[in-house]
Each structure stands twice: as C-alpha cells, then as structure tokens.
Amino acid sequence: MMTPLHKQLLNDYQGNFPLSPRPYQDIATELGVSESDVIKALTELNETDVITRIGPVIPPNRIGVSTLAAIAVPEAHLHDIAQIVSACPEVNHNYEREHYFNLWFVIIASDADHLQQVITGIEQQTGYSVMSLPLMDDYFIDLSFRMDLHDC
Amino acid sequence: MLDSTDRKIIQATQAGLPLTPEPYQAIAEQLGLTAGDIMKRLLAMQDKGIIRRIGVVPNHYKLGYRFNGMTVWDIPDEATDELGQKVGQLDFVSHCYHRPRHLPEWPYNLFAMVHAKNREDVDNQIRQIAELLGGFNHGCDVLYSTRILKKTGFRSSEKSACDQSVIDQAT
C-alpha cells in the first residue's frame, strides 16, 4: 500500500526538510518527481496517520522543564489512576508498562516550581507517590531512526 | 533564549507545516511576518539547538513497530557520558538518556528506547546493548508498553493547546 515515494519520504526526510520558499518542489527535484506528487504523497501519509506531522522537533528541556515520572499502582486501580494522570494538561505521554512501576508519564511545566506543583497535585489526587526521574543528559546522535519498510 | 516571535513560530508549526506549495509563506501570513523571517528564525533555532530537526515525524506504531521497549541500565555514573554516546548511536535506539537513580527501588541510570516489530527483535537489541556495555552493566530491565493511555496528538484536526507538546521525549 506504500509506494516507493512514500518510503523515500519517510526514511530520507526525517531531518533536512528544506528551508526554502518551495520545499516540496526542492524535494521533488531531488527525487525526480513533481511537486504535486510530493504534496499528494505526504498528504496521504498524514491522513493515514503514518506520519504525525512534518515540522520542527524540539529536544526536552529547551522550552519549559520536564520530567519522566512513574507510579506503582495495583492493577485494580490502574484505570482510575491513569485517568487522573492523563487529565492533567501538563502530562503529554502516559503509558502503561509491564513492571512494578506500571504507569509512566512525561510532565512538561513552565518552570521548576510549576513542575513540583504538578507532581504534588498528582500525588494528592491519586494518593500514590510519584517517582520523578528528570533528564540529566540527552545522548542524541544526529541520525534518524531507520525503518524497515519492506513489508509495509 | 527564545523571544516571543520564536515562540509564535513554534506554536504555529506544532500541528505540522501546511501541505501547500509555499508552507513558510502560509505561516508568515498567519503571523504577520515574511516567509524569509520564518526560514531565518527556524534556521537560527536549529543552529542554537532549540530545534533538533525539521522533517517528517513518523508514527512508529502505525508502521508496525508495535514493540516499544524502554530498556534501563545500571552503569557507573562516571561512565554514563561515554557509554550513553555509544548506545545512542545504535540505529535501533531512538532516544538515550541519563536519568537519576531512585534507590532502593529504581537502580537504573541509563535509558535507551528501542522499537521493533516483535519481541524477539527487542531481545536481540537488548543483547547488543549489553554486549556494548560489557562489564559496566550492573543490571538491566526492559519495560514494554502495554497500552498508550495518552499521547498528545499533532494531527491538524486536533490542535493541542499546549505549545510544548512538540517536545521529542518518548517515555
């Protein structure tokens, strides 16, 4: 269902999206297709949710302050506790994971005080303590995650 | 670090660049700027490291990468920089972070996110990380995600109110 053009766009344009007046035209020229082919293919990837968007990606802690937090919740209460956590606007990912600490979420706040307020608020609302593991170093290597798309 | 114009540009592009022939022009018109201003500021933010990259953001899950493992490692604190760089370079690792331990229940200080199409591949990836860490590996665990309970979306139909949702931090 994915064409070679879809695959090229997915694997080769995770970075280096042209900062030029006609970026889709520039990509088209590089790939030997037309600008409308590129726009059409990207629109298809977007509409089918294969890509979440095209745009700038911001590393953690460049804007605001964030932490990775976890709670150990008995299975029977997980659903209710997860709902309380997800309802918090400062929480932007919330995953259930297989572990004693089974609820993992990222909190992003405007500053350190705000972050602490959010953590305290979640603890008060849920009745469980929150383990906060703020980022100390980010070992980002400038390579895009390469995907095997042969069976897509 | 960021002025209000930079913030507006980040906010305006969080749902994705428009899929029209002149996307920067479209953003510029919204903000009362020129396309040149937008491109110049995006480039400057990239140079300063405020923007990591500009491009297609794939949805790994949709592409069959259903196994998202958070691998966590207990390594000596003084070795985190050197080993973190090496682990981060592995092509199946999307994010690699140093975080504090939380003793006694959480002894791990290095986090590496791996993505695979099946559990076997994840097991194989964990073996490769363990090999790379060698004698510095004092313990590890892998936490599979069993359910995504919330992930702030970026589809244009679902514009988030929070300008920080574009932040690239996987759990």
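Keep in mind that this is a model prediction, so the values were computed, not measured.

What counts and what doesn't
Residues numbered from 1 in each chain as written. Chains lettered and ligands numbered in written order. Predicted model: local features only at pLDDT ≥ 70, side-chain atom pairs only at ≥ 80, totals over all residues. Heavy atoms only, no water. Helix = DSSP H or I, 4+ residues; strand = E, 2+ residues; numbered from the N terminus. Rg over C-alpha atoms; globule rule 2.2 N^0.38 Å. Buried < 20%, exposed > 50% of the residue type's maximum accessible area, 1.4 Å probe, protein only. Domains from an automatic or database assignment. Expected span 1.5 Å × (residues − 1). Arc of directions from axis to C-beta. Contact = heavy atoms within 4.5 Å. Buried area = accessible area lost by both parts, 1.4 Å probe. Salt bridge = Lys/Arg side-chain N within 4 Å of Asp/Glu carboxyl O. Polar contact = N/O pair within 3.5 Å; in protein donor to acceptor, adjacent residues only side chain to side chain. Disulfide = S-S within 2.5 Å. Phe/Tyr/Trp six-rings, centres within 6.5 Å; stacked < 30°, edge-to-face > 60°. Lys NZ or Arg CZ within 6 Å of the ring centre and 35° of its normal.

**Q** What am I meant to see in the overall build of chain A here?
**A** For chain A, the helix and strand inventory stands at 5 helices and 6 strands. When the elements of chain A are put in sequence order from the N terminus, they spell out α-α-α-β-β-α-β-β-α-β-β. What you see for chain A is a C-alpha radius of gyration of 20 Å, clearly larger than the 15 Å of a compact globule of 152 residues, by over 25%. With the C-alpha coordinates aligned to their principal axes, the bounding extent of chain A is approximately 60 × 35 × 25 Å. Within chain A, buried positions represent 53% of all 152 residues.

**Q** Hey, could you run me through the domain arrangement of chain A in this one?
**A** The figure often quoted for interface size is the accessible area lost as the parts come together. The assigned domain composition of chain A is domain 1 (4–47) and domain 2 (65–133). Using only C-alpha atoms to locate each centre, domain 1 of chain A and domain 2 of chain A end up separated by 38 Å.

**Q** Explanation requested: the domain arrangement of chain B in the structure shown.
**A** Partitioning chain B into domains gives domain 1 (4–57) and domain 2 (67–144). Between the C-alpha centres of domain 1 of chain B and domain 2 of chain B there is a distance of 34 Å.

**Q** In this structure, what is going on with helix H3 (residues 35–47) of chain A? I would like to understand it.
**A** Turn by turn, an α-helix covers 3.6 residues, leaving residues three or four places apart pointing in a common direction. Residue and element names in this part refer to chain A. Taking 1.5 Å per residue as the helical rise, H3 with its 13 residues ought to reach 18 Å, and the 18 Å between its terminal C-alpha atoms agrees with that figure. Within the sequence span of H3, burial applies to Glu35, Val38, Ile39, Ala41, Leu42 and Leu45. Buried residues of H3, viewed axially, fall in a sector of 165 degrees; they line one side. Of the residues in H3, the exposed ones pointing more than 90 degrees away from the buried face are Ser36, Lys40 and Glu47. Taken from the residues just after H3, Asp49 is the one with a positive phi, measuring 70 degrees.

**Q** What am I meant to see in the interface of chain B and chain A here?
**A** Taken together, the contact between chain B and chain A spans 81 residues of the former and 78 residues of the latter. For the pair chain B and chain A, the two sides together bury roughly 7,800 Å², of which 61% comes from carbon and sulfur. Between the two partners, chain B and chain A, sit 2 salt bridges. Counting every contact that joins chain B to chain A gives 26 residue pairs in polar contact (both at pLDDT 80 or more). If one sorts the elements of the side of chain B that touches chain A by residue count, strand E5 (residues 140–151) of chain B sits on top with 10 residues.

**Q** I would appreciate a short explanation of the side chain of Arg53(A) in the present structure.
**A** Counting through the fold element by element, Arg53(A) comes out in strand E1 (residues 51–57). Only 2.9 Å separates the side chain of Arg53(A) from the backbone oxygen of Pro56(A), close enough to count as a polar contact.

**Q** Before we go on, may I ask you to explain the state of the cysteines in this structure?
**A** By definition, a disulfide links the sulfur atoms of two cysteines through a covalent bond. This model, assessed by the stated rule, comprises 0 disulfides over all chains. Of the cysteine sulfurs around Cys140(B), a residue in no disulfide, the closest is that of Cys96(B), at 14 Å.

**Q** It is not clear to me how the packing of aromatic side chains should be interpreted in this structure. Could you clarify?
**A** Inspection of the entire model under this criterion finds 8 aromatic pairs over all chains. Measuring from ring centre to ring centre gives 5.1 Å for Trp106(B) and Tyr108(B), while their planes differ by 80 degrees; the resulting arrangement is edge-to-face. Tyr108(B) matches Trp106(B) in its accessibility class, with the two residues each being buried. For the ring pair Trp106(B) and Phe111(B), a centre distance of 6.1 Å and an interplane angle of 35 degrees mean the geometry is tilted. Accessibility expressed as a relative area gives 1% for Phe111(B), which makes it buried. An aromatic cluster is present here, built from Tyr100(A), Phe101(A), Trp104(A), Trp106(B), Tyr108(B) and Phe111(B) joined pairwise through their rings. Its end group placed over the ring of Phe111(B), Arg99(B) keeps NZ or CZ at 5.5 Å from the ring centre.

**Q** Can you help me understand the pattern of salt bridges in this one?
**A** Oppositely charged side chains can pair when the atoms bearing their charge come close. Applying the stated criterion to the full structure yields 9 salt bridges over all chains. Put simply, Glu44(A) and Lys40(A) hold a salt bridge, and the shortest N to O gap is 3.2 Å. Here the residue Glu44(A) and the residue Lys40(A) both occupy positions in helix H3, the gap between them amounting to 4 residues, near one helical turn. The partner of Glu98(A) in a salt bridge is Arg119(B), with the nearest N and O atoms 3.2 Å apart. A residue pair is termed interchain when its members come from two chains, as with Glu98(A) in the loop between strand E3 (91–97) and strand E4 (103–109) and Arg119(B) in helix H5 (residues 119–133). The exposure class assigned to Arg119(B) is partly exposed, which follows from its relative accessible area of 36%. Through salt bridges with shared partners, one network takes in Asp3(B), Asp6(B) and Arg41(B).

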